[in-house]
Amino acid sequence: MSMNFKELADKYGTPLYVYDFNHLSDRYNSLKKAFEGQKSIISYAVKSNSNLSVINHLASLGAGADCVSIGEVRRALKSGVDKYKIIFSGVGKRDDEIREALELGILFINLESEAEMKRVELIAMELDIMARISVRVNPNIDAKTHPYISTGLHESKFGVEIDMAKRMYIYAKNSKNLNPIGIHFHIGSQLTKLEPIREACDIVASLVKSLSAIKIDIKFFDIGGGIGVRYDDEITITPQEYADTIIESTKKLDVTLMCEPGRFITANSGYFVTKVLYEKQNPTTRFVIVDGAMNDLIRPSLYSAYHKIEAYDKEGETSKANIVGPVCESGDFFGKAVELPKLDHNDLLIIHSTGAYGFTMASNYNTRNRSAEVAIIDGKDRLIRERESFETQIALEEKYLI
Ligand SMILES: *Cc1c(COP(=O)(O)O)cnc(C)c1O
C-alpha cells in the first residue's frame, strides 16, 4: 500500500472510501485492449460504484454504461456517457422509467419478460417511435458462484429461456414499434472460470444464427458482466482469455461485442478506511470494534464475502480477532479470525477491494451518515462525495413532523 491513509483519514475523517482512479483506467484499458480489432463496447455496470466522478472518469476513456434503473441512466448521461453506449436492464422497469429511457434515445432497453415487451411496445406506440430492444436470455448455465450472485439458471428470476426469447424476437420483428437489435445474457458475478462463459456464449451464438436465418439480424451481442476479481488468493480470468473466448464463440457472427463489467473495474480500486474504537476480549473471542459498520459495507454480512483487512502502519505480534462495527446486529462484522497486532484507539484498519458494491449498498441504518468518498488521481486526493450529515438524513421527514 503506497497511499498515506493516515493523512487521508485526518483530512476527510472516517469511515472513508478511497478509490484509486489510475487503477480504474488500467482495468478499463486492459479489457478494451483485449477486444482489439473487434467492434466492441465496454459498458460499465454502474451499480457496482455509481459515484458521478467514477462514471465520468470511465466515460472519458470511452466506456458505455449498463444501467438497472432510470436513476442510473441519468447518472450515466450526467457523467458524459455517450447515449448510444447506454443500455437499460432489470426485471422490473416501471412505465415512467421505460418512457424516459425511450425519450432519451439510449442504445437499447433489455427486456426480461414477454409482459415487459408488451409494455415497452405500448409505450413506444404512444410516443410514436421504434424502441430499440434486446432480450435477456437465460442460457441455463450454472455459473458456479455464490447463489445470491448466480443468475443464469432457470430457477433465477432473470431473463427468459431460449424458446421464449425466440418467440419474443419474432413478435418484435413484426411489431411496428419494436426494433430487436441486441441479445443479452448475464450468468452471474465473480466468475472465475471460463467454461460457463464459453458454454453460455455458444448457446446464445447459436440462437443468433437461427434468428439470422429468419431475417432477424442481431447487431449487439452482450455477454453481461461478472468477470471475477481477486479478493483473497482466487485464480481468476484474465481479460485476454475472457475476450478470446467470446471472440472464438462469435466469430461467424457480424456483431458488436458488448460486456458489462462492474466489479472487474471497480472492486480492487477501493479501500475502506475505518478507525479502531476499542479492543474487547470476551472469554472466547477477541473483538476489534471500529467506526465503520455493515451499513457502510454489507458484503461480509450479506454474502459472507471475504475482504482482506490490514492494520495501517502498525507492527507487532498478531492474534486472531473479529472485526465488528457499532450497529446493533450480530451480523455486523467485516472479518472473523483476522490476524492483527494489538491495536489502540484511533489506529486505522484498511479493508481492501471495496470499490464495488461497497458504497452503493450503503444505508442509513442506525441513523449513521453514509461515508465520504475520495479519489486518488496520479497521487493526488480529491473529495468526490462529502460525508452525509444528520441534517441531510432527516430533511425529508422533518418538514412532515407530526
Ligand atoms: C450486476 C450486473 C453486472 C455487473 O456484474 P459484475 O459482477 O459487477 O461485473 C452486469 N450486468 C448485469 C445485467 C448485472 O445484473
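As shown above, the structure is provided for reference.
Scoring rules and cut-offs
- Residues numbered from 1 in each chain as written.
- Predicted model: local features only at pLDDT ≥ 70, side-chain atom pairs only at ≥ 80, totals over all residues.
- Heavy atoms only, no water.
- Helix = DSSP H or I, 4+ residues; strand = E, 2+ residues; numbered from the N terminus.
- Polar contact = N/O pair within 3.5 Å; in protein donor to acceptor, adjacent residues only side chain to side chain.
- Contact = heavy atoms within 4.5 Å.
- Core = buried A, V, L, I, M, F, W, Y, C linked by side-chain atoms within 4.5 Å.
- Buried < 20%, exposed > 50% of the residue type's maximum accessible area, 1.4 Å probe, protein only.
- Domains from an automatic or database assignment.
- 1 Å grid on protein atoms, 1.4 Å probe; cavity = no way out; pocket = protein on both sides within 12 Å on 5 of 7 lines; lining within 4 Å.
- Points joined across faces, edges and corners; volume = space filled by probe spheres on them.
- Nonpolar A, V, L, I, M, F, W, Y, C, P; charged D, E, K, R; others polar.
- Near = heavy atom within 4 Å.
- Areas by Shrake-Rupley, 256 points an atom, 1.4 Å probe, with all protein chains shown as cover.
- Salt bridge = Lys/Arg side-chain N within 4 Å of Asp/Glu carboxyl O.

**Q** Tell me what's going on with the side chain of Thr-274, and back it up with residues and numbers.
**A** Assignment of secondary structure puts Thr-274 in strand S10 (residues 270-281). In terms of polar contacts, Thr-274 uses its side chain to reach the backbone amide nitrogen of Gly-292, at 2.8 Å. The residues touching Thr-274, leaving out its near neighbours within four places in the chain, are Val-290, Asp-291, Gly-292, Asp-347, Leu-348, Leu-349 and Ile-351.

**Q** Which residues make up the nonpolar core, and what values go with them?
**A** In this structure, Phe-35, Ile-183, Phe-221, Tyr-242, Ile-323 and Leu-349 are the most contacted members of the largest nonpolar core, which totals 98 residues. The element that contributes the greatest number of residues to this core is helix H8 (residues 195-213), accounting for 8 residues. In this structure, this core is formed jointly by two domains, domain 1 (5-16 + 268-397) and domain 2 (35-261), each of which donates at least three residues. With residues up to four places along the chain from it excluded, the contact list for Phe-35 reads Ser-40, Ile-42, Tyr-242, Ala-243, Ile-246, Ile-247, Leu-257 and Cys-259. Of all hydrophobic cores here, the second largest spans 15 residues; its members include Tyr-12, Leu-348, Ile-350 and Val-374.

**Q** Would you mind going over the environment of Asn-322 in detail, with residue names and values included?
**A** Along the polypeptide, Asn-322 turns up in strand S13 (residues 318-324). Exposure remark for Asn-322: the relative accessible area of 15% places this residue in the buried category. Along the backbone, Asn-322 and Tyr-44 are 278 residues apart, and their C-alpha atoms lie at a distance of 34 Å. If we ignore the near neighbours within four places in the chain, the residues touching Asn-322 are Thr-285, Arg-286, Phe-287, Val-288, Gly-335, Lys-336 and Ala-337.

**Q** Please set out empty space enclosed by the protein residue by residue, giving values where relevant.
**A** According to the stated counting rule, one finds 2 cavities of 30 Å³ or more in the structure shown. Lining the largest cavity are Phe-185, Ile-187, Leu-191, Ile-197, Ala-200, Ile-223 and Gly-225. Grouping the constituent residues of the lining of the largest cavity by class yields 6 nonpolar, 1 polar and no charged.

**Q** Quick rundown of the site of the ligand? Include the residues and the values.
**A** Around the ligand, the structure places 14 residues, and the nearest of them are Lys-47, Ser-189, Glu-260, Arg-263 and Tyr-357. Residue Asp-66 places a side-chain N or O atom 3.1 Å away from a nitrogen atom belonging to the ligand. Interatomic distance of 2.8 Å between a backbone N/O atom of Gly-226 and an oxygen atom of the ligand. With the chains in place, 94% of the 390 Å² that the ligand exposes on its own is no longer accessible. Tallied by class, the residues present in the shell around the ligand amount to 3 nonpolar, 6 polar and 5 charged.

**Q** A description of the side chain of Ser-48 should follow, citing residues and the corresponding values.
**A** Here Ser-48 is to be found in the loop between strand S2 (40-45) and helix H3 (52-61). Note on Ser-48: relative accessible area 1%, which makes it buried. A polar side-chain atom of Ser-48 sits 3.2 Å from a polar atom in the side chain of Tyr-44. At 2.9 Å, the side chain of Ser-48 and the side chain of Thr-266 are in polar contact. Discounting residues that sit within four places of it in the chain, Ser-48 has contacts with Gly-262, Arg-263, Thr-266, Gly-355, Ala-356, Tyr-357 and Thr-360.

**Q** So what's going on with the pattern of salt bridges? Which residues, and what values?
**A** Per the counting criterion, the structure on display carries 20 salt bridges. For the salt bridge of Arg-136 with Glu-112, the shortest nitrogen-to-oxygen distance reads 3.3 Å. You can see Arg-136 sitting in strand S6 (residues 131-136) and its partner Glu-112 sitting in the loop between strand S5 (108-111) and helix H6 (114-127), a full 24 residues away along the chain. Residue classification places Arg-136 among the buried positions, given a relative accessible area of 7%. Of the charged contacts, one joins Asp-347 and Lys-314 as a salt bridge, the two residues approaching to 2.8 Å between their closest N and O atoms. Placement of Asp-347 in the loop between strand S14 (333-341) and strand S15 (348-352) and of Lys-314 in the loop between strand S12 (309-311) and S13 is noted, with a sequence separation of 33 residues between them. Assessed through its relative accessible area of 22%, Lys-314 is described here as partly exposed.

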